[in-house]
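Examination of the molecular architecture
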There are 2 protein chains.
Amino acid sequence: MNPNLENLWEEVRELSLGTTPQIERLHTPPTPLQFLRHYLSQNKPFILSASVATTLQWPATTLWTSTTYLLRALASSTVSLHLTPTGQADSLTPHPSNPNSLCFASAHVQRTSFSDAIDAINASNRSEGFVAYAQQQNDCFREEYGALAGDCDSHVSWATEAIGGLPDAVNLWIGNDLSETSFHKDHYENLYAVVTGEKHFVLLPPTDVHRMYIREYPAAKYNYSQETEEFKLELENPLRTVPWCSVNPYPLAENKEKEMSEFPLYYNGPKPFEVTVKAGEILYLPSMWFHHVRQTPDNRGLTIAVNYWYDMQFDIKYAYFNFLQSLPAPKTSQNPLTKENVRDGDEKHREESAILIERRGAWGENMMQASWIGI
Amino acid sequence: MNPNLENLWEEVRELSLGTTPQIERLHTPPTPLQFLRHYLSQNKPFILSASVATTLQWPATTLWTSTTYLLRALASSTVSLHLTPTGQADSLTPHPSNPNSLCFASAHVQRTSFSDAIDAINASNRSEGFVAYAQQQNDCFREEYGALAGDCDSHVSWATEAIGGLPDAVNLWIGNDLSETSFHKDHYENLYAVVTGEKHFVLLPPTDVHRMYIREYPAAKYNYSQETEEFKLELENPLRTVPWCSVNPYPLAENKEKEMSEFPLYYNGPKPFEVTVKAGEILYLPSMWFHHVRQTPDNRGLTIAVNYWYDMQFDIKYAYFNFLQSLPAPKTSQNPLTKENVRDGDEKHREESAILIERRGAWGENMMQASWIGI
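Residues numbered from 1 in each chain as written. Chains lettered and ligands numbered in written order. Predicted model: local features only at pLDDT ≥ 70, side-chain atom pairs only at ≥ 80, totals over all residues. Heavy atoms only, no water.

Under the annotation held in an unreviewed UniProt entry, chain A carries the name JmjC domain-containing protein and is attributed to Deinandra increscens subsp. villosa. In its Sequence similarities (unreviewed entry) section, the UniProt record describing chain A reads: "Belongs to the JARID1 histone demethylase family." (UniProt positions renumbered as here; feature names shortened; annotations may be inferred.)

And the structure:
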């Protein structure tokens, strides 16, 4: 292991982030100056705990606990629904034609009525190979869900004042405990507000980039057929590769040993930061931090969150990050997916590069009747 | 040359600092939020140009052009005077016992009356081997020069509000064109205000650390004898080494070729940033930036400046810097001063580790009559 890298991981914790897996908690919102001085400038996360000062300013935290309210408000709305067989989209999954290697699989995205989306989320069942997640990272809260705009702050005022501009995008996320977001980073300053249910984040600072084992994976997409009720995982054509984090913080017990030997820097390095964001709480997730997200639903089975993406500055911190990432990853005993593997995949016929995942269940039939707009 | 390092130097300029040697100029003071957002957080310098909004708020910019005023205000003050044979203190100079290698030489520091200090500065003459500089980086403006406190702002209000605290130290600098400060960095956010004359800065961002060729040099000190009017350069005992920048941005013409071949990363890399700070102007010199300073006096022969040192945050930027600095410097054709050289020096007798620099001149005689308090 490269001792310089290990020192870096330790030093950033000792100097600034703390050496426990806990994230700092604030009980009152920071002023814009405090936010800039202590958090944004330092690329340091915090949780704004639920309190009178925060929760009560969000009508959504009470209104959105009623599905009837949401269905009524969004009765005429069309939303983007992400469909996968497992709840894992934008994540690594066995390569369709070479199950010993991995590809990067995106969800099937379908435009549907909000009520069909809720039905699909409620009917989601991993053992039946069908999980739905209402989300779209394209400012969907202000677009598709515009009818709910009055229920949340349209921006996070102290962040807006500090950063000097409104959010670039505001996204809504409605799902349940089946949906999981794999480790990745965003080029945004992220204010992540949970409205109902809970979100569980595993976080690593950008300085830990080598612990993520970012590798190039062939891009694939699930295609869902309403007729056959099956998912087909297909490589993109023309073939494209995506750099993605290889580490899963929650491997199945039977894979744990293999994962630990394949990703020793992750498993042997400092413990990742962990935080549960509850209803009415906000996480400041600084730009470039790696994050993995799971969720626990409220008592009706839904988790709803709104996140505000603000422009990040591409400054000296970003230049440092790029330099760090450009350094060779420490060698491991295992053979990573190489460019050669990727090229192999490309040479196979596209017909071969797909796997079918059969889905059975009542909800599929309803979906077939819905007037979906293909994307 | 390491291509990763070259990319880093270029990228930080392209993203944030600009690709010319110019520093950004502001014509009105930033708000605290603007200062944090655009400069401190990004570790990016700027000049606040002289204007109604800045200059006129400083009584010092008119009052201090009168030496009579200063002498009267400080009639009973004792100040720290830095004495060197060349005007170069805290800089590299030939090793006292091995002129083919270098040591890190500090000034002789003498406490004296302010009027003697002014006499010494006025009498400074490099060809006669005596240069005086009234300065002390220990909050001297608020201590030794407390009588002048009313003439300047006691802090820089937008910086104080942004940083959330008053300066840790405020220093006064009175010298002339003979004094030069060699490349170094400080662990402070620095607001550098010129009151009379001009200061000329050469600046490099922390990401350029390998271009400075920081090496360990044996620490030495000038000792000035009033009786013999001579400087004696003596190694510290016990021997101590100091990491210091090896590059001089203004080598003598006859040394230029040798310097260029010894320090190719400095000479072949991106052009350093250059800025002249005029009377009434303030330079924000971010923490960890390497800076070399020369000065041009006003029409009576003095340059006077006040600098405000604010606490820096030891955050992710600092951790990145330390990591970067820990990486091996690219190899050069020349042989650097090694630990072995340093140890060689230690083995010699202390008596041998001194060189005498004779000084002749009228001012020396005056000095002998002065009631100096030795430090």
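All names here are of chain A. Overall, mixed pairing links the 9 strands, which are arranged E1-E2-E17-E11-E19-E9-E8-E3-E7 in an open sheet. Each edge of the sheet is formed by a strand with only one pairing partner; in this case those strands are strand E1 (25-26) and strand E7 (108-113). Looking at chain direction, strand E9 (residues 169-175) and strand E19 (residues 303-311) are connected through 7 bridges and run antiparallel. Across the sheet, Ile 174 pairs through a bridge with Ile 304, a residue of E19. Running over the sheet, helix H2 (residues 32-40) touches E1, strand E2 (46-48), strand E11 (188-196) and strand E17 (282-285) and is turned about 55 degrees from E17. Along the sheet, helix H5 (residues 114-123) makes contact with strand E3 (78-84), E7, strand E8 (131-135) and E9, crossing E7 at roughly 125 degrees. (Pairing = 2+ DSSP bridges. Helix = DSSP H or I, 4+ residues; strand = E, 2+ residues; numbered from the N terminus. Contact = heavy atoms within 4.5 Å. Axes fitted to C-alpha atoms, helices over the stretch in contact; angles between N-to-C directions.)

What follows deals with the relation of the copies chain B and chain A. When chain B is brought onto chain A, the operation consists of a screw motion whose angular component is 180 degrees and whose axial shift is 0.0 Å, with 0.0 Å RMSD remaining. A rotation of that kind, with that shift, is consistent with a two-fold axis. Minimal C-alpha separation from the rotation axis in chain B is found for Ser 41 of chain B, amounting to 2.2 Å. The fraction of interface residues of chain B whose copies in chain A are also interface residues reaches 100%, indicating that both copies meet through the same surface. (Least-squares fit on C-alpha atoms with pLDDT ≥ 70 in both.)

As annotated by UniProt and renumbered to match this structure, "domain: JmjC" (unreviewed entry) occupies residues 132-325 of chain A. Span residues 132-325 of chain A is 15% helix and 42% strand, its end C-alpha atoms 34 Å apart.

Moving on: the environment of Pro 297 of chain B. Residue and element names in this part refer to chain B. If you trace the backbone, Pro 297 turns up in the loop between strand E18 (290-296) and strand E19 (303-311). Between the alpha carbons of Pro 297 and Ala 107 there is a distance of 21 Å; along the sequence they are 190 residues apart. Once you skip the residues sitting within four places of it in the chain, Pro 297 turns out to touch Asp 177, Gly 197, Leu 302 and Thr 303.

In this section: the pairing of E17 of chain A. Taken residue by residue, a regular strand's side chains alternate between the two faces of the sheet. Residue and element names in this part refer to chain A. Of the two faces of E17, the one carrying Ile 282 and Tyr 284 and the one carrying Leu 283 and Leu 285 are both buried. Both E2 and E17 contribute to a ladder of 3 bridges, which runs antiparallel. Across the sheet, residue Phe 46 finds its bridge partner in E17, namely Tyr 284. Two strands pair when backbone bridges link them, and E11 and E17 are joined in this way by 4 bridges, in the antiparallel orientation. (Buried < 20%, exposed > 50% of the residue type's maximum accessible area, 1.4 Å probe, protein only.)

This next bit is on the nonpolar core. Formed by 110 residues in total, the largest nonpolar core has its most connected members in Phe 35, Trp 64 and Tyr 145 of chain A together with Phe 35, Trp 64 and Tyr 145 of chain B. Aside from chain neighbours lying at most four places away, what touches Tyr 145 of chain A is Leu 74, Val 79, Phe 114, Ala 134, Cys 140, Leu 172 and Ile 174 of chain A. By size, the runner-up hydrophobic cluster in this structure holds 88 residues, among which are Leu 5, Met 212 and Tyr 267 of chain A together with Val 209 of chain B. (Core = buried A, V, L, I, M, F, W, Y, C linked by side-chain atoms within 4.5 Å.)

What follows is about the interface of chain B and chain A. At the interface, 36 residues of chain B touch 36 residues of chain A. Put simply, chain B and chain A have 14 residue pairs in polar contact (both at pLDDT 80 or more) between them. Looking at the side of chain B that touches chain A, the elements with two or more residues in it are helix H1 (3-17), helix H2 (32-40), helix H6 (157-163) and helix H9 (316-326) of chain B. The element best represented in the side of chain B that touches chain A is H9 of chain B, accounting for 10 residues. Here the side of chain B that touches chain A is built from residues that sort into 20 nonpolar, 11 polar and 5 charged. (Polar contact = N/O pair within 3.5 Å; in protein donor to acceptor, adjacent residues only side chain to side chain. Nonpolar A, V, L, I, M, F, W, Y, C, P; charged D, E, K, R; others polar.)

Residues and elements named next belong to chain B. Spatially, 5 strands are ordered E4-E10-E18-E12-E16 in an open sheet, and the strand pairing comes out mixed. Where the open sheet ends on each side, the last strands, each with one partner, are strand E4 (88-89) and strand E16 (273-278). Judged from the 7 bridges that link them, strand E12 (residues 198-204) and E18 form a sheet pairing that is antiparallel. Bridge pairing links His 200 to Arg 294 in E18.

Residue and element names in this part refer to chain B. Residue position: His 292 is located in strand E18. Once residues lying within four places of it in the same chain are set aside, the contact partners of His 292 are Glu 180, Thr 181, Ser 182, Phe 183, His 200, Phe 201, Val 202, Asn 248, Pro 249 and Tyr 250. Reaching out from His 292, the side chain makes a polar contact with the side chain of Glu 180 at a distance of 3.2 Å.

Applying the stated rule across the entire model yields 26 salt bridges over all chains. In this structure, Lys 317 of chain A engages Asp 315 of chain A in a salt bridge whose closest nitrogen and oxygen atoms are separated by 3.5 Å. Exposure remark for Lys 317 of chain A: the relative accessible area of 10% places this residue in the buried category. For Asp 315 of chain A, a relative accessible area of 3% corresponds to the buried category. Close ionic contact of Arg 215 of chain B with Glu 262 of chain B constitutes a salt bridge, the shortest N to O distance being 3.4 Å. With Arg 215 of chain B in strand E13 (residues 214-225) and Glu 262 of chain B in helix H7 (residues 256-262), the pair connects residues that are 47 residues apart, well separated along the chain. Each of Arg 13, Asp 208 and Arg 211 of chain A takes part in salt bridges that share partners, so that together they form one network. (Salt bridge = Lys/Arg side-chain N within 4 Å of Asp/Glu carboxyl O.)

Attention now moves to H1 of chain B. Along its 15 residues, H1 of chain B runs 20 Å from first to last C-alpha, staying within 8% of the 21 Å computed at 1.5 Å per residue. Every buried residue of H1 of chain B is accounted for by Asn 4, Leu 5, Leu 8, Trp 9, Val 12, Arg 13, Ser 16 and Leu 17 of chain B. Taken together, the buried residues of H1 of chain B touch helix H9 (316-326) of chain A together with E12, helix H8 (264-268), E16 and H9 of chain B. Backbone geometry just downstream of H1 of chain B places Gly 18 of chain B in the positive-phi region, at approximately 95 degrees. (Expected span 1.5 Å × (residues − 1).)

As a further point, take the confidence of the model for chain A. Residues and elements named next belong to chain A. Averaged over every residue, the pLDDT of chain A is 88; residues scoring 70 or more account for 86%. The low-confidence segment residues 358-375, where pLDDT is below 50, has 48 contacts with residues more than four positions distant or belonging to other chains. Across the interface, the model reports ipTM at 0.87; the global pTM reads 0.88. (pLDDT = per-residue confidence, 0-100.)

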